[in-house]
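These are the residues of each chain, in order.
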Amino acid sequence: MFWKKKNLHYQLNNQLPLHTPLDDMTFTVFDTETTGFAVGSKDRMIEIGAVQVEGMEVTDKTFHTYVDPERNIPREIINLTGIRQEQVYGAPKALQAIESFYEFVEKHKSGGWVGHYLAFDVMVLKKELQRHSYSFDEPLYIDTLDIIGYLNPSWDMRDLSHYARQFGANMYERHSAIGDALTTAHLFIELISHINNRGRFTLGDLVDITRNKNGNAAPFF
C-alpha cells in the first residue's frame, strides 16, 4: 500500500519580488537542539527557538518551546545544552512543536528563514515531519555561513561564537535554541551591513549570494 504524504498548510514566506529592499523585509531566524546528530535515525529534536528580524532590527517577537524527543537525552547533550530530561517531559511532541513554530512564522508574515548552518536545522524539521508522513514545503532560507563565505571566501567554517566576535555581534547563551537564534539574528544584521557596503541591497542580491554558495533552491518570485 502506498501512503500519501500530507501537508501542513501554513504560509511560510511571503511572495516578495526580488527587487524588494532587505530593509523592508521580515525574516525568521531560528535554531534547533537535538539529542545528537543522527537525526535521520535515532536522534530527535528537543528544542526550537526563533526571533523575528524586521527592517534589519532584532525584535522582541520570539518563539521558544522544548520538545519531547520520546527518548532519553544523552549525558553529553545535557552537558552541552543544559537541557535536562525533566524539561522535555510533558513538552509538545515534535509535530505539535513544528506546527506552533509554523504558526509563529505565518503570524509574522516572514519573508524567509535565516540560520547558522541552517541546512542541519532544516533537516531536523524535515525528518521529524517525515516520521508523521508529512511532506516538507521548503521556504526561502538564508544561511549566514554562505554570506560569510561571500564576504571572506578563504575562511574555514567556524563556530557561531567565533563569527559573532569577528563581526561584533551581540552574543547570547550558546547551545540554547533561543540563545543561538538571537546571536544569529544579530550576526545576520552585521553581515547585511557588510553586503550593503558592497552594493547589495535587495532580496535578489541576497538570493544570488547564497545560491552561488550552497545551491539552495530558493524560489524566484
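Residues numbered from 1 in each chain as written. Predicted model: local features only at pLDDT ≥ 70, side-chain atom pairs only at ≥ 80, totals over all residues. Heavy atoms only, no water.

> Explain helix H7 (residues 177-196) to me, please; I cannot follow it from the model alone.
Given 3.6 residues to a turn, an α-helix orients residues that are three or four positions apart in the same direction. For H7, which comprises 20 residues, the first-to-last C-alpha distance of 28 Å matches the rise-based estimate of 28 Å (1.5 Å per residue) to within 8%. Among the 20 residues in H7, 17 count as buried, and that is most of the element. (Helix = DSSP H or I, 4+ residues; strand = E, 2+ residues; numbered from the N terminus. Expected span 1.5 Å × (residues − 1). Buried < 20%, exposed > 50% of the residue type's maximum accessible area, 1.4 Å probe, protein only.)

> Looking at this structure, I do not really get the sheet that holds strand S4 (residues 113-115). What am I missing?
The strands making up a sheet associate through hydrogen bonds between their backbones, and the pairing can be parallel or antiparallel. One open sheet holds the five strands; their spatial order is S3-S2-S1-S4-S5, and the pairing between them is mixed. Of all the strands in the sheet, just strand S3 (57-66) and strand S5 (141-143) have a single pairing partner and so form its edges. Here the average twist between neighbouring strands, direction ignored, is 25°. Sheet analysis places strand S2 (residues 45-54) next to S3, joined by seven bridges and oriented antiparallel. Among the inter-strand pairings, Ala-50 is bridged to a residue of S3, identified as Phe-63. In the packing of helix H3 (residues 94-107) onto the sheet, the strands contacted are strand S1 (26-34), S2, S3 and S4, and the crossing angle to S2 comes to about 0°. With respect to the sheet, helix H5 (residues 144-151) is in contact with S4 and S5, its orientation differing from that of S5 by roughly 55°. (Pairing = 2+ DSSP bridges. Axes fitted to C-alpha atoms, helices over the stretch in contact; angles between N-to-C directions. Contact = heavy atoms within 4.5 Å.)

> Which parts of the structure should I look at to understand the side chain of Thr-183?
Tracing the chain through its elements places Thr-183 in helix H7. Exposure remark for Thr-183: the relative accessible area of 1% places this residue in the buried category. In contact with Thr-183, other than residues within four places in its own chain, are Leu-160, Ala-164, Asn-170, Met-171 and Tyr-172.

> Can you walk me through the packing of aromatic side chains in this structure?
When we look at a pair of aromatic rings, we describe it by the centre distance and by the angle of the planes. Counted by the stated rule, this structure contains twelve aromatic pairs. An angle of 40° between the planes, with centres 5.0 Å apart, marks the rings of Phe-30 and Phe-101 as tilted. Residue Phe-30 is found in strand S1, and its partner Phe-101 is found in helix H3; the two are separated by 71 residues along the sequence. Assessed through its relative accessible area of 1%, Phe-30 is described here as buried. (Phe/Tyr/Trp six-rings, centres within 6.5 Å; stacked < 30°, edge-to-face > 60°.)

> When you look at the nonpolar core in this model, what are you seeing that I'm missing?
General note: in soluble globular proteins, nonpolar side chains tend to be found buried as a group. Judged by nonpolar contacts, the single largest core of 33 residues is most densely connected at Phe-27, Ile-147, Leu-187, Phe-188, Ile-195 and Leu-206. Elements with a contribution of two residues or more to this core: S1, S2, H5, helix H6 (160-166), H7 and helix H8 (203-214). Counting residues per element, this core draws most heavily on H7, at ten residues. Discounting residues that sit within four places of it in the chain, Ile-195 has contacts with Leu-22, Ile-147, Tyr-150, Leu-151, Arg-200, Leu-206 and Ile-209. Counting 27 residues, the second-largest nonpolar core is a separate cluster that includes Val-39, Ala-94, Leu-129 and Phe-136. (Core = buried A, V, L, I, M, F, W, Y, C linked by side-chain atoms within 4.5 Å.)

> Whenever I open this one, the pattern of salt bridges confuses me. Can you help?
For side chains bearing opposite charge, pairing can occur when the charged atoms are close. Counting across every chain of the model gives nine salt bridges. In this structure, Lys-61 engages Glu-54 in a salt bridge whose closest nitrogen and oxygen atoms are separated by 2.8 Å. Lys-61 gets classed as partly exposed once you look at its relative accessible area, which sits at 30%. Asp-159 is the partner of Arg-174 in a salt bridge, and the nearest nitrogen-oxygen pair spans 2.6 Å. Here Arg-174 is found in the loop between H6 and H7, whereas its partner Asp-159 is found in the loop between H5 and H6, with 15 residues between them in sequence. (Salt bridge = Lys/Arg side-chain N within 4 Å of Asp/Glu carboxyl O.)

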